[in-house]
Amino acid sequence: MSMYFDIGDETLWNPSNGAGRLFLRQLEVFEAELNLPSGIGQGKHWGDPDTLEVDPIAYAEFIHDLVAWHSRTGHSVALALSEGFVGTAVVLARRAGIEV
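The text that follows walks through the structure, step by step, so that each part is easy to find. (Residues numbered from 1 in each chain as written. Predicted model: local features only at pLDDT ≥ 70, side-chain atom pairs only at ≥ 80, totals over all residues. Heavy atoms only, no water.)

**A look at the pairing of strand S2 (residues 10-13)**
For the record, the criterion: The pairing criterion for strands is at least two bridges between them, as found by DSSP. Helix and strand labels come from DSSP, where a helix needs a run of H or I of at least four residues and a strand needs a run of E of at least two; each type is numbered from the N terminus.
Bridging between strand S1 (residues 4-7) and S2 involves 3 bridges; their strand directions are antiparallel. In the strand pairing of S2, Ile7 is matched with Glu10. Connecting S1 to the next strand, S2, in antiparallel fashion are 2 residues, including Gly8 with a positive phi near 60°.

**Considerations on the nonpolar core**
For clarity, the cut-off: In plain words, nonpolar cores are sets of buried Ala, Val, Leu, Ile, Met, Phe, Trp, Tyr and Cys residues tied together by side-chain atoms within 4.5 Å. Each residue gets one of three labels from its accessible area relative to the maximum for its type: buried under 20%, exposed over 50%, partly exposed in between, using a 1.4 Å probe on protein chains only. Note on contacts: a residue pair qualifies if any of its non-hydrogen atoms lie within 4.5 Å across the two residues.
Residues Phe5, Ile40, Tyr59 and Leu66 are the most contacted members of the largest nonpolar core, which totals 26 residues. Counting only elements with at least two residues in this core, the list comes to helix H1 (17-34), strand S4 (51-54), helix H2 (56-72) and helix H3 (76-95). Not counting residues within four places of it along the chain, the set of residues in contact with Leu66 comprises Phe30, Leu34, Phe85, Val86 and Ala89.

**Observations regarding the side chain of Ser82**
Condition: Polar contact criterion, stated in full: a pair of N or O atoms within 3.5 Å, where within protein one must be able to donate a hydrogen and the other to accept it, and residues adjacent in sequence count only if both atoms are side-chain atoms.
Here Ser82 shows up in helix H3. A distance of 2.7 Å separates a polar side-chain atom of Ser82 from the backbone oxygen of Ala78. In contact with Ser82, other than residues within four places in its own chain, are Phe30, Trp69 and His70.

Nothing here speaks to function; it is all geometry.
The following block contains the structure:
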């Protein structure tokens, strides 16, 4: 099984369920940290937790704030904990056509 992160009919990312759930849980952490919704939520197949729609406008704002936060933090542990998530989030943004 796998998850789908879509914009309309285009799939941006199709990770395994385990990797997708881990990304979503980390997404929740950074939404709370930044006090900003990510723009990623259930999509066209409501009730199917494996299909997620990406709102490119909301996600662009989120990714810009996320990268700014990551760039200005000097805390080595915070950097280590966030590096993989931020990298994955940036790739997803680029696939969505968002300039980072």
